[in-house]
Amino acid sequence: MATITISPLCPSEIDELIPLAYRIWLSHYPGIISVEQIHYMLERGYSRQLILDELEQGIIWLKIMAGTTMVGFASVGPFGEDTMKLHKLYLLQEFHGTGIGGRALAEVERIVNKFRIGKLLLNVNKYNSKAIKAYQRGGWQIVEEVRVDIGGGFIMDDFVMTKEIG
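Keep in mind that this is a model prediction, so the values were computed, not measured.

Trainee: Summarise the overall build of the protein chain; cite the residues concerned and give the values.
Mentor: If you tally the helices and strands in the protein chain, you get 5 helices and 7 strands. Tracing the protein chain from N to C terminus, the helices and strands come up as β-α-α-α-β-β-β-α-β-α-β-β. Relative to the 2.2 N^0.38 estimate, which gives 15 Å for 166 residues, the radius of gyration of the protein chain is 15 Å and therefore close to what a compact globule would have. Oriented by its inertia axes, the alpha-carbon framework of the protein chain measures out at about 40 × 35 × 35 Å. Burial status across the protein chain gives 48% buried among its 166 residues. In the protein chain, 61% of the contacts between residues at least 6 apart in sequence involve partners at least 24 apart. Accessible area of the protein chain: about 8700 Å², with a carbon and sulfur share of 52%. Separation of charge centres in the protein chain, based on 17 positive and 19 negative side chains, amounts to 6 Å.

This is how it looks when you write it as structure tokens:
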């Protein structure tokens, strides 16, 4: 396997990340949410301008590289006073079960520790059992169920999970 690195995303790499997001979502989410909702969420969450704006607002985007190929990504940022939110953590399916996701979570936790933040929070679809189990193995706990109307006739039906850091 190629050397895995996890490092900050440069603005010049956004155009590589966007098609990767589509590839990951379209291979993972059918059967969890509708293809229509997948496209709706991708169009809303993965534009070059949105990612640039998030970088400017202090959201930290990370790229996960296998050699010279981007195989995943994550983003984390402030959420309230003593919490940061893991907004995204996605990895190509062929890299699931290799420990790379755990390494990405460890890097996110390192970043959170650097900011002296005590808690990390994320939302995960209630039917994404593979991800829920992976987070629970990493010490995350389900603390709440939420249903959020995201427009377009779509709902996000999620668990909120947290992990104490530090």
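Here the narrative resumes, following the displayed structure.
Trainee: Can you tell me about the nonpolar core, naming the residues and giving the values?
Mentor: Counting 54 residues, the largest nonpolar core has Trp25, Tyr46, Ile64, Phe73 and Tyr135 as its most contacted members. In terms of residue count, the dominant contributor to this core is helix α1 (residues 14-28) (7 residues).

Trainee: I'd like to hear about the pairing of strand β2 (residues 60-66), residue by residue, with values.
Mentor: Put simply, side chains in a regular strand alternate between the two faces of the sheet. Where burial is concerned, most of β2 is hidden: 6 out of the 7 residues are buried. With 5 bridges joining them, strand β1 (residues 4-8) and β2 adopt antiparallel strand pairing. Looking at the pairing, Ile4 lines up with Ala66 of β2. In this sheet, strand β3 (residues 69-78) lies alongside β2 in antiparallel orientation, the contact comprising 7 bridges. Within the sheet, the bridge partner assigned to Lys63 lies in β3 and is Phe73. Two successive antiparallel strands, β2 and β3, enclose a turn made up of 2 residues, where Gly67 displays a positive phi of approximately 65°.

Cut-offs and rules
- Residues numbered from 1 in each chain as written.
- Predicted model: local features only at pLDDT ≥ 70, side-chain atom pairs only at ≥ 80, totals over all residues.
- Heavy atoms only, no water.
- Helix = DSSP H or I, 4+ residues; strand = E, 2+ residues; numbered from the N terminus.
- Rg over C-alpha atoms; globule rule 2.2 N^0.38 Å.
- Buried < 20%, exposed > 50% of the residue type's maximum accessible area, 1.4 Å probe, protein only.
- Contact = heavy atoms within 4.5 Å.
- Areas by Shrake-Rupley, 256 points an atom, 1.4 Å probe, with all protein chains shown as cover.
- Lys, Arg positive; Asp, Glu negative; His and termini not counted.
- Charge placed at Lys NZ, Arg CZ, Asp CG, Glu CD.
- Core = buried A, V, L, I, M, F, W, Y, C linked by side-chain atoms within 4.5 Å.
- Pairing = 2+ DSSP bridges.

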